[in-house]
Amino acid sequence: MIKRIISYIAALGIAFAAMTTVNSFAYVEVDNDDSQGYSNFNNGFDTYLSGNSHFRGDARRNYNSTYANYTYEFAGDGKTTKTSFKVKMYAYLNDATFTNPSAKYVAYGNSSSYTFGTLNQDLAAGGWNYVGEATVKPLTQYGYTSVTCNAVGVETNGPSRYTGADGVRVYF
């Protein structure tokens, strides 16, 4: 009986170890205006905000009367493979002035963009918010031999509200 219990426990341990390996993802965190080896592209997010509530002490904001986007680039830190892979994204939001009800988040790789989804920044909880998942695919029609994801972005696409760009966490 004891051998049977030990074998059940061992089998559960092996199954649990396999699950954690399969479900674990490497991730990268990038802040707006990050100076840790990353580069960010600011297209219209001209209002600079600072304070303890923001990820690493600051954030950017845009009043989206026209299209604007903020791109977080992490070239060299992304996954490279010959097959499609999933990318998950979280956005850090903790500013009451971020009021866009449908901020759009995208991934960039192989000269294409892939939509994670939209996030209601007006109702989002303070801290990390799950945005969504995108499958980054190879562009075989252009002869790409590998798949990469080296940037993500937030875009204004809602009514005339404030859209925020603070930290992002990208899982590969």
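Our structure is the block above this text.
Heads up: these notes are all about the structure in this document.

Parameters at a glance
Per chain, residue numbering runs from 1 following the sequence as it is written. For this predicted model, a pLDDT threshold of at least 70 governs which residues receive local features, and a threshold of 80 or more governs which side-chain atom pairs are given and counted, while totals over whole chains, interfaces and linings are taken from all residues. Side-chain measures here rest on the full set of heavy atoms in the structure, leaving out hydrogens and waters. Three labels apply to residues, based on accessible area from a 1.4 Å probe with only protein chains included: buried if under 20% of the type maximum, exposed if over 50%, partly exposed otherwise in between. Put simply, DSSP H or I for four residues or longer makes a helix, DSSP E for two residues or longer makes a strand, and each gets a number counted from the N terminus. Only four residue types enter the tally: Lys and Arg on the positive side, Asp and Glu on the negative side; His and the chain ends are excluded. A pairing counts as a salt bridge when a side-chain nitrogen of Lys or Arg comes within 4 Å of a carboxyl oxygen of Asp or Glu. Contacts are assigned to residue pairs that have any heavy atoms within 4.5 Å of one another. Throughout, nonpolar core names a set of buried Ala, Val, Leu, Ile, Met, Phe, Trp, Tyr and Cys residues whose side chains join them through atoms within 4.5 Å. Put simply, two rings from Phe, Tyr or Trp (the six-membered ring, in Trp's case) pair if the centres are within 6.5 Å, and we call them stacked under 30 degrees between planes, edge-to-face over 60, tilted for the rest. Pairing between two strands requires that DSSP report at least two bridges joining them. Orientation is described by lines fitted to C-alpha atoms, with helices fitted over the stretch in contact, and by angles between N-to-C directions that extend from 0 to 180 degrees.

## Overview of unusual backbone geometry
Thought 1: Phi at arginine 56 takes a positive value of approximately 55°, unusual for a residue other than glycine.
Thought 2: For arginine 56, a relative accessible area of 39% corresponds to the partly exposed category.

## Focus: the side chain of aspartate 95
Thought 1: By the element assignment, aspartate 95 lies in the loop between strand E7 (85–93) and strand E8 (103–109).
Thought 2: It is arginine 61 that comes nearest to the buried, bridge-free aspartate 95 among opposite-charge side chains, at 5.1 Å.
Thought 3: Apart from the residues lying within four places of it in its own chain, the contact partners of aspartate 95 are Leu49 and His54.

## Some words on the nonpolar core
Thought 1: Membership of the largest hydrophobic core comes to 32 residues, with the highest contact counts inside it found for Tyr105, Phe116 and Val152.
Thought 2: Contributions of two or more residues to this core are made by strand E1 (27–30), strand E5 (69–73), E7, E8, strand E9 (112–119), strand E10 (127–136), strand E12 (151–155) and strand E14 (168–171).
Thought 3: Per element, the largest residue contribution to this core is five residues, and it comes from E7.
Thought 4: Not counting residues up to four positions away in its chain, the partners in contact with phenylalanine 116 are Val87, Lys88, Met89, Tyr105, Val106, Ala107, Val131, Gly132, Glu133, Ala134 and Val152.

## Digging into the packing of aromatic side chains
Thought 1: Applying the stated criterion across every chain yields a total of nine aromatic pairs.
Thought 2: Taken together, a centroid distance of 5.8 Å and an interplanar angle of 80° make the contact between phenylalanine 45 and tyrosine 70 edge-to-face. You can see phenylalanine 45 sitting in the loop between strand E2 (39–43) and strand E3 (47–50) and its partner tyrosine 70 sitting in strand E5, a full 25 residues away along the chain.
Thought 3: Here tyrosine 70 falls in the buried class, since its relative accessible area comes to 1%.
Thought 4: Measuring from ring centre to ring centre gives 5.2 Å for tyrosine 92 and tryptophan 128, while their planes differ by 75°; the resulting arrangement is edge-to-face. Here tyrosine 92 is found in strand E7, whereas its partner tryptophan 128 is found in strand E10, with 36 residues between them in sequence.

## Here's the deal with the pattern of salt bridges
Thought 1: Evaluated as defined, the whole model comprises three salt bridges.
Thought 2: For the salt bridge of arginine 169 with glutamate 29, the shortest nitrogen-to-oxygen distance reads 2.6 Å. With arginine 169 in strand E14 and glutamate 29 in strand E1, the pair connects residues that are 140 residues apart, well separated along the chain. Just as arginine 169 is buried, glutamate 29 falls in that class too.
Thought 3: Glutamate 133 is paired through a salt bridge with lysine 88; the nearest N and O atoms lie 3.9 Å apart.

## Digging into the sheet that holds strand E4 (residues 58–63)
Thought 1: With antiparallel pairing, the three strands of this open sheet are ordered in space as E3-E4-E13. Either end of the sheet is taken by a strand with one partner, and the two such strands are E3 and strand E13 (162–165). Each strand axis lies, on average, 30° off the axis of its neighbour in the sheet, ignoring direction.
Thought 2: Two strands pair when backbone bridges link them, and E4 and E13 are joined in this way by four bridges, in the antiparallel orientation. Bridge assignment links asparagine 62 to a residue of E13, and that residue is threonine 163.

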